[in-house]
Amino acid sequence: MSSSPPPIILWFRQDLRLKDNPALAAATERGQPVIPVYILDDESAGEWSPGGASRWWLHHSLESLATDLRKFGSRLILREGLAAEEIDQLIQDTGATAVYWNRCYEPFSLERDKALKASLKARDIEAASFNANLLAEPWTVKNKSGDPFRVFSAFWRSVRTNLDPGHPLPAPDDLEAPEHWPVSTSLDDLQLLPGNPNWAEGFENVWSPGEQGAYDRLIGFLDCGAKHYDKGRDRPDKPYTSGLSPHLHHGEISPRQLFAAIDTAREEIGDKNAEKFLSEIGWREFSYSLLFYFPNFAEKNYQEKFDRFPWRRDTDGLRAWQRGRTGYPIVDAGMRELWTTGWMHNRVRMITASFLIKHLMIDWREGEKWFWDTLVDADLANNSAGWQWVAGSGADASPYFRIFNPITQGEKFDPEGDYVRKWVPELASLPDKFLNRPWEADTATLAKAGIRLGETYPKPIVDHKTARERALTAFQSLKEAA
Ligand code: FAD
């Protein structure tokens, strides 16, 4: 008979870190052996199982977590399949008497985890879940009438006023290993990396997935971008935003850690920058609240009148947008940055999304799907909230009639053209004046810059003015039909 106490299963999900991990801290406090597990459960996630770029990230993040766990003499057990079945099997294999995890908030996760908790409890197996990923969980934030907030400023005021996130938890001192480890699938068997061609080659130059990578990025941001954040966060040509979104999505760093780090650096980076950054973390919280209270938010217009919107089917337009060949330089730069690095600056996400929805009048869900597959930070709450915000169909959204002008947006937010020149190098030699409107350059200027419009770089696939009027007319038809 074994003399060691039964193990606890620690189920890692979107919390791939050892520091400030409440489920891990609670499991280690019990003084029992801990079996860390990650389960790739595509079946429960259905159409929202991680897209290609997220899978690349996940592979490297799991590798990093396994390395960190080995330093404690522990391991990361990998499994693939329905989480409930895999956990049952692990309980049988190890004699575990408890399962601990940190909560996720996608509708399918909430449903799955609720059923699992009930089933474990019915069998006298302890099931405990914790908050590791939000400053305030959605069900704790309501307005005076007890309803969810629909306007960001009121939501954030309420969260910010009542907020006491406390100190982040340290990594555990020790992780007791079980007497026998259960069988693990190998990381390679999960097949998370791209095959041939390896479209993620460019990702490696930009990202270091894992807890240490997240921490390094935070330090880099506090040293530089944070000091310019309030005014500079709209500049895609400058490194003024944190680039923490994929680390946050995979839980390699927590919002509570960010909150504490910003507070410590407040004097150095300045109050305005600190508060602006925290309010962006607030937008993340707001998106999670929307998805929690409106579980169809990723699939359905929040404002039902948009169900009647006359979206166009335009396969060629969609393809040109995806490939960064619309003929509008700032749009093409953004879409190419996305393809090459798995990430795109927030201002350019708004410009490219607006172009798809308003200039091409293609349903926002087509863009949402493309981002889902190509973003390393693809996040159901933030992605759907971003798309519905731009479409005008969301809560507290930008009105549909506010149509981003891709020419002036490029000129305003990339004034020296560094961003466009980096991602659309075939336009690099154009003078600034024409960089966002190459079709206005005369033949001699184009020739001097080595550009043959329609050959080396596309002509605009739609005329800005005509497309704008078409979108406004379509929107007007919605109002008239109401
Ligand atoms: P920073 O400016 O450094 O902000 C810090 C953190 O705050 C971010 O990492 C992010 O977690 C959060 N944040 C910042 N801006 C927003 C915002 N507008 N909404 C919600 N959270 C925000 N963000 C995702 O994390 N995943 C997505 O799938 C996603 N899809 C988007 C799609 C569209 C169409 C749009 C317009 C925005 C989307 N965003 C998404 C929000 C935003 O663009 C990114 O979070 C941000 O660009 C990430 O860069 P950063 O980490 O440098 O941000």
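Here is a short report on the structure shown in this document. Please read all numbers here as calculations on a predicted model, not as lab measurements.

Thresholds, definitions, all that
- Residues numbered from 1 in each chain as written.
- Predicted model: local features only at pLDDT ≥ 70, side-chain atom pairs only at ≥ 80, totals over all residues.
- Heavy atoms only, no water.
- 1 Å grid on protein atoms, 1.4 Å probe; cavity = no way out; pocket = protein on both sides within 12 Å on 5 of 7 lines; lining within 4 Å.
- Points joined across faces, edges and corners; volume = space filled by probe spheres on them.
- Helix = DSSP H or I, 4+ residues; strand = E, 2+ residues; numbered from the N terminus.
- Domains from an automatic or database assignment.
- Nonpolar A, V, L, I, M, F, W, Y, C, P; charged D, E, K, R; others polar.
- Pairing = 2+ DSSP bridges.
- Axes fitted to C-alpha atoms, helices over the stretch in contact; angles between N-to-C directions.
- Contact = heavy atoms within 4.5 Å.
- Buried < 20%, exposed > 50% of the residue type's maximum accessible area, 1.4 Å probe, protein only.

### A few points about the layout of surface pockets
Space inside the largest pocket adds up to approximately 1200 Å³. Broken down by secondary-structure element, the contributors of at least two residues to the lining of the largest pocket are helix H10 (245–249), helix H12 (271–293), helix H15 (346–359) and helix H17 (380–391). With 9 residues, the top contributor of residues to the lining of the largest pocket is H12. Composition of the lining of the largest pocket by domain shows at least three residues from each of domain 2 (134–166 + 210–293) and domain 3 (304–481). The calculated volume of the second largest pocket comes to roughly 510 Å³. If you trace the second largest pocket, you find 23 residues lining it, with Arg 217, Lys 238, Pro 239, Glu 337 and Trp 343 closest to the centre. Mapped onto the lining of the second largest pocket, the elements with two or more residues apiece are helix H8 (211–223), helix H14 (329–341) and helix H19 (418–423). Counting residues per element, the lining of the second largest pocket draws most heavily on H19, which supplies 4 residues. Its residues assigned to classes, the lining of the second largest pocket shows 10 nonpolar, 7 polar and 6 charged.

### Some thoughts on the sheet that holds strand S5 (residues 126–130)
Within a sheet, neighbouring strands are paired by backbone hydrogen bonds and run either parallel or antiparallel to one another. Taken in spatial order, the 5 strands line up as S3-S2-S1-S4-S5 in an open sheet, and their pairing is parallel. For this open sheet the edge positions go to strand S3 (77–80) and S5, each flanked by a neighbour on one side alone. Neighbouring strand axes in the sheet, compared pairwise and without regard to direction, differ in orientation by 25 degrees on average. With 4 bridges connecting them, strand S2 (residues 34–40) and S3 associate as parallel partners. Looking at S3, one finds that Ile 39 is bridged to Arg 79. With respect to the sheet, helix H1 (residues 22–29) is in contact with strand S1 (8–12), S2, strand S4 (98–102) and S5, its orientation differing from that of S4 by roughly 150 degrees. Lying on the sheet, helix H5 (residues 107–122) is in contact with S1, S4 and S5; it crosses S4 at an angle near 160 degrees.

### With respect to H1
Along an α-helix, residues three or four apart share an orientation, since each turn contains 3.6 residues. Of all the 8 residues making up H1, 6 are buried; the element is thus mostly covered by neighbouring parts of the structure. Listed as buried for H1 are Pro 22, Ala 23, Leu 24, Ala 25, Ala 26 and Ala 27. Positive backbone phi, at 70 degrees, marks Gly 31, one or two positions downstream of H1.

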